[in-house]
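A look at the structure
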Amino acid sequence: MSQALPKETPREEGEGGSRRSSWGLLVTAGVGGTLVALYAVATPFVTPALRKVCLPFVPATAAQIQNVLKMLENRSGSLVDIGSGDGRIVIAAAKMGFQAVGYELNPWLVWYSRYRAWRDGVHQNTKFYISDLWKVSFSCYRNVVVFGVPQMMPQLEKKLEEELECNARIIACRFPFPCWIPDHTTGEGIDTVWAYDLKHSRGCETKTFEIAPETES
Ligand SMILES: C[S@@+](CC[C@H](N)C(=O)[O-])C[C@H]1O[C@@H](n2cnc3c(N)ncnc32)[C@H](O)[C@@H]1O
Ligand SMILES: *[C@@H]1O[C@H](CO)[C@@H](O)[C@H](O)[C@H]1NC(C)=O
């Protein structure tokens, strides 16, 4: 946090206006920086109030985790939870034998996840990264779990469509993807979970060139 206020520098005489405005800028930047830092620390604790703003930490319910695990029954290999929160899904998947990875923006939650994984004895099969989900590629994962917010689903759908291999399965909690058609659905209400096999949504197996409305080159 750089909150250091500038000292009076008596050199820029006759430029009172611009000096005042740069002061204003510094104060604004300082206050802004402090707010951002406060927000990062406080987010996990005040999320219900901020639910609309971004992707807050709303932990998955026990039923939701059970539904996710059901969707993983026939699956194996690598798994990623995008926005892994306190690591509960990653840890549950690791206990089922997956090599499970979590990406999470909030460092406090990442440290807590690592501690939980160690405490639960699945430290070897889990990894937690402090990363922004929009800045990493998920191309090496065969199983992808996401519990996001409705606003991000269209953009995330596009990103995963571009990155993942045909054998990938994507599992969405609470909020479905807007375009893909789920191959499996389980649970009810807020605990609903959808599974999408990319080979079906993308048509890897059968109709590869059904419609091509985009003019990409
Ligand atoms: C709805 S919570 C789900 C937590 C966990 N997956 C679970 O089911 O218990 C979403 C998580 O995504 C994290 N998040 C928000 N924006 C993110 C971003 N850009 N990159 C990575 N994680 C992010 C939040 O901090 C929050 O912990
Ligand atoms: C698991 O495999 C069985 C047998 O192929 C199939 O009937 C079932 O729908 C699959 N379940 C999921 C969640 O993929």
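Residues numbered from 1 in each chain as written. Chains lettered and ligands numbered in written order. Predicted model: local features only at pLDDT ≥ 70, side-chain atom pairs only at ≥ 80, totals over all residues. Heavy atoms only, no water.

Quick note on the threshold: UniProt positions are given in the numbering used here, feature names are shortened, and annotations may be inferred rather than shown by experiment.
Under an unreviewed UniProt entry, the name given to the protein is ATP synthase subunit C lysine N-methyltransferase, and the organism recorded is Catharus ustulatus. In UniProt, the protein has this text filed under Sequence similarities (unreviewed entry): "Belongs to the ANT/ATPSC lysine N-methyltransferase family." On record in UniProt, under Subcellular location (unreviewed entry), the comment for the protein is "Mitochondrion membrane".

**Things to note about the confidence of the model for the protein**
Worth spelling out the cut-off: As a per-residue measure, pLDDT tells how confident the predictor is, with possible values from 0 to 100. By the convention used here, residues are in contact when the closest approach between their heavy atoms is within 4.5 Å.
When pLDDT is averaged across the protein, the result is 83; 69% of the residues are at 70 or more. Per-residue pLDDT stays below 50 along residues 47–53; that stretch engages in eight contacts with residues further than four places along the chain or on separate chains.

**Overview of helix 3 (residues 88–95)**
Worth spelling out the cut-off: Here the term buried applies to any residue with accessible area under 20% of the maximum for its type, exposed to any over 50%, and partly exposed to those in between, with areas from a 1.4 Å probe on protein chains only. Numbered from the N terminus, helices here are DSSP runs of H or I no shorter than four residues, and strands are runs of E no shorter than two.
In terms of burial, helix 3 is a largely internal element, six of the eight residues being buried. Within helix 3, burial applies to Ile89, Val90, Ile91, Ala92, Ala93 and Ala94. Contacts made by the buried residues of helix 3 are with helix 2 (62–71), strand 1 (78–82), strand 2 (99–104), helix 4 (107–119), strand 3 (126–130) and strand 4 (143–146).

**Some words on the site of ligand 1**
Selection criterion: Residues are labelled near a given molecule or strand when at least one of their non-hydrogen atoms is within 4 Å of it. For this analysis, a polar contact is any N or O atom pair within 3.5 Å, provided that within protein one partner can donate a hydrogen and the other can accept it, and provided that sequence-adjacent residues contribute only side-chain to side-chain pairs. Note that accessible areas follow from Shrake-Rupley with a 1.4 Å probe, and for residues the cover is restricted to the protein chains shown. Each residue is assigned to one class: nonpolar for Ala, Val, Leu, Ile, Met, Phe, Trp, Tyr, Cys and Pro, charged for Asp, Glu, Lys and Arg, and polar for all the others, Gly among them.
Looking at ligand 1, there are 19 residues lining it, with Ala60, Gly83, Glu104, Asp132 and Leu133 nearest. At a separation of 2.8 Å, a nitrogen atom of ligand 1 approaches a polar backbone atom of glycine 83. The side chain of glutamate 104 places a nitrogen or oxygen atom 2.5 Å from an oxygen atom of ligand 1. Here ligand 1, which alone exposes 600 Å², has 94% of that area covered by the protein. Looking at the shell around ligand 1 residue by residue, the classes come out as eleven nonpolar, four polar and four charged.

**Quick notes on the pairing of strand 7 (residues 193–197)**
Filter applied, for reference: A pair of strands is labelled paired if DSSP reports no fewer than 2 bridges between them.
Judged by how many residues are buried, strand 7 sits mostly within the fold: five of five residues are covered. Of the two faces of strand 7, the one holding Val193, Ala195 and Asp197 and the one holding Trp194 and Tyr196 are both buried throughout. In this structure, strand 5 (residues 169–173) lies alongside strand 7, joined through five bridges in antiparallel fashion. Among the inter-strand pairings, cysteine 173 is bridged to a residue of strand 7, identified as valine 193. Across three bridges, strand 6 (residues 184–186) lies against strand 7 in antiparallel orientation. Each bridged residue has a counterpart across the sheet, and for histidine 184 the counterpart in strand 7 is alanine 195. As consecutive antiparallel partners, strand 6 and strand 7 are separated by six residues, and within that stretch glycine 187 has a phi angle of approximately 85 degrees, a positive value.

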